[in-house]
Amino acid sequence: MGRPAGPTRDTKALICERALDVFAEKGYTASTMRDIAHGAGMKDASLYNHFSSKRDLFDATVSLQLERLTSLLRSHQALAHPEDSTAAYATDDPNQLLSTVLASYEPFFSDPAIIKLRHILEAERHADPSIFQLYRTIFITRPIQLQEAIFTQLIARGYLGPCDTELAARQFHGAVFLALSEEMPWDDARRFIAKHLDAFQSEHRIRKERA
């Protein structure tokens, strides 16, 4: 019989967590496999038993954090993928809607690992086109796609007046992305997002009452 998969995954996850700390402290380019092995409390050779190169480890580290982000969002019924259910957003209860919208953005502002990931990608994006693409996808393109999917469904269900969904998605996410880029603390960001959502609802005439 082969070795159980669980311990191997746990070891790899631990290494990825330590790698995230090293990449955040030193930057991806300046970090070495020796630095990461030291952070994980193992010898260099042992690290290569799990990852063939620094880039292999970096990719696994990013994937682990994206899996965490997906789980965090879905645990609050917030959209993590354009094909996920938008039911939580189709509500006449403003408090429920605000709660879901806040849940969709909170990890970007307050989760330490996601913040580290953003800082790593921001620091390296101009030096490596693939890292720039990761940064753009995670923090710009995918959130806009999610907002567009939400607005498309809300229009279809009669909660939102007809509009250009791509433009509306860019309008909504753009303001939040600016707050994120400004390193706005979450307590301030949640108040800003609440005001932003209220203004957005007024502009796009989300119906408060249904027939």
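As a reminder, the structure under discussion sits directly above these lines.
Here is what the cut-offs are and how they apply
- Residues numbered from 1 in each chain as written.
- Predicted model: local features only at pLDDT ≥ 70, side-chain atom pairs only at ≥ 80, totals over all residues.
- Heavy atoms only, no water.
- Helix = DSSP H or I, 4+ residues; strand = E, 2+ residues; numbered from the N terminus.
- Buried < 20%, exposed > 50% of the residue type's maximum accessible area, 1.4 Å probe, protein only.
- Contact = heavy atoms within 4.5 Å.
- Areas by Shrake-Rupley, 256 points an atom, 1.4 Å probe, with all protein chains shown as cover.
- Phe/Tyr/Trp six-rings, centres within 6.5 Å; stacked < 30°, edge-to-face > 60°.
- Lys NZ or Arg CZ within 6 Å of the ring centre and 35° of its normal.
- Axes fitted to C-alpha atoms, helices over the stretch in contact; angles between N-to-C directions.
- Parallel < 35°, antiparallel > 145°, perpendicular 65-115°, else oblique.
- Left-handed = near helix turned anticlockwise from the far one by under 90°.

So, the overall build of the chain
In terms of regular secondary structure, the chain is built from nine helices and zero strands. Going from the N terminus to the C terminus, the chain shows its helices and strands as α-α-α-α-α-α-α-α-α. By principal-axis analysis of the C-alpha atoms, the chain measures approximately 65 × 45 × 30 Å. Taken over 211 residues, the chain has a buried fraction of 41%. Put simply, 64% of the contacts in the chain that link residues at least 6 apart link residues at least 24 apart. Carbon and sulfur atoms provide 52% of the accessible area of the chain, an area that totals close to 11,600 Å².

Regarding the packing of aromatic side chains
Applying the stated criterion across every chain, the model contains nine aromatic pairs. Ring centres of Phe172 and Phe200 lie 5.2 Å apart, and the angle between their planes is 80°; on these two criteria the pair is classed as edge-to-face. One end of the pair, Phe172, is in helix α8 (residues 165-181); the other, Phe200, is in helix α9 (residues 186-204), and 28 residues separate them in sequence. Under the relative-accessibility criterion, Phe172 is labelled buried at 2%. Among the aromatic residues, those joined into a ring-pair cluster are Phe23, Tyr28 and Phe58. Between Lys12 and the ring centre of Phe51, over which it is positioned, the NZ or CZ distance is 5.7 Å. Residue placement shows Lys54 over the ring face of Tyr28; its charged tip is 4.5 Å from the ring centre.

Details of the environment of Tyr135
If you trace the backbone, Tyr135 turns up in helix α7 (residues 129-156). Residue class for Tyr135 comes out buried when judged on its relative accessible area of 3%. In contact with Tyr135, other than residues within four places in its own chain, are Arg118, Leu121, Glu122, Arg125, Ile140 and Phe177.

What to know about the packing of helix α4 (residues 54-75) against helix α5 (residues 94-110)
Helix-helix packing: each pair is described by the crossing angle between the helix axes and the interaxial distance. Packing of α4 against α5 leaves a shortest axis separation of 8 Å and a crossing angle of 150°. Judged by the inter-axis angle, α4 sits roughly antiparallel to α5. Crossing angle aside, the handedness with which α4 passes α5 is right-handed. Across the interface between the two elements, Leu69, Leu72 and Leu73 of α4 pack against Ala103, Ser104, Pro107 and Phe108 of α5.

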